[in-house]
Amino acid sequence: MKICIIISDFYPEISKLLLEGTLKKLKKYNLKKYRICKVSGSFEIPTVVSALINKYDGFIVLGCIIKGKTPHFNFICSAVFDSLSRLSIEYKKPLGNGILTCNNKKQAIERANPQKKNKGGSAVEAMISVLKTIQDA
């Protein structure tokens, strides 16, 4: 099984925690064939998934979008999640979504932290469960 991890590095501290949780969970499942692709922001993630969709069995996407004082948060979240959902369904590729949408940085750090919410690890589990379901069908 070949996995592609695409991570936004817009908030490096948060990205580092998400990736740490993801890699620990991949190790737990003995998944060693993966590639890490870094992008500048979450908005760029769907483009990379689209470009690599036929080269991998599954994707794990990691990033963080923090709500600010303008509606920009809503536009970015909608565009990213709609695009990722469409790609996953259209190409029947499992996609573990570890893109956090938070009200503030403190909230994001708690969700990213592998010792707390571990949303990076949760994204791995989601991707694996969908992949197994597809393979068993």
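Everything numeric here is computed off the predicted structure, so don't read it as measured data. (Residues numbered from 1 in each chain as written. Predicted model: local features only at pLDDT ≥ 70, side-chain atom pairs only at ≥ 80, totals over all residues. Heavy atoms only, no water.)

So, on to the state of the cysteines. Within the structure shown, the criterion is met by zero disulfides. Cys37 provides the cysteine sulfur closest to Cys4, a residue in no disulfide bond, and the two sulfurs are 3.9 Å apart. Unpaired in terms of disulfides, Cys77 finds its nearest cysteine sulfur in Cys64, a separation of 9.3 Å. (Disulfide = S-S within 2.5 Å.)

Below, the discussion takes up the side chain of Ser15. Inspection of the secondary structure assignment puts Ser15 in helix α1 (residues 12–28). Here Ser15 is in contact with Ile7, Ser8, Asp9 and Phe10, once residues within four sequence places are set aside. (Helix = DSSP H or I, 4+ residues; strand = E, 2+ residues; numbered from the N terminus. Contact = heavy atoms within 4.5 Å.)

The next thing to look at is the nonpolar core. Within soluble globular proteins, side chains that are nonpolar tend to cluster in buried spots. Ranked by internal contacts, the top residues of the largest apolar core, which has 22 residues, are Ile14, Ile60, Leu62, Leu100 and Ala108. For this core, the secondary structure elements donating two or more residues are β1 (3–8), α1, β3 (58–66), β4 (95–102), α4 (105–112) and α5 (119–136). Dropping the residues within four chain positions of it, Ile14 is found in contact with Cys64, Ile66, Leu100, Lys105, Ala108, Ile109 and Ala112. One finds Ile6, Phe59, Leu84 and Ile99 within the second-largest nonpolar core, a separate group that totals 20 residues. (Core = buried A, V, L, I, M, F, W, Y, C linked by side-chain atoms within 4.5 Å. Buried < 20%, exposed > 50% of the residue type's maximum accessible area, 1.4 Å probe, protein only.)

All quantities given are derived from atomic positions and should not be read as evidence of function.
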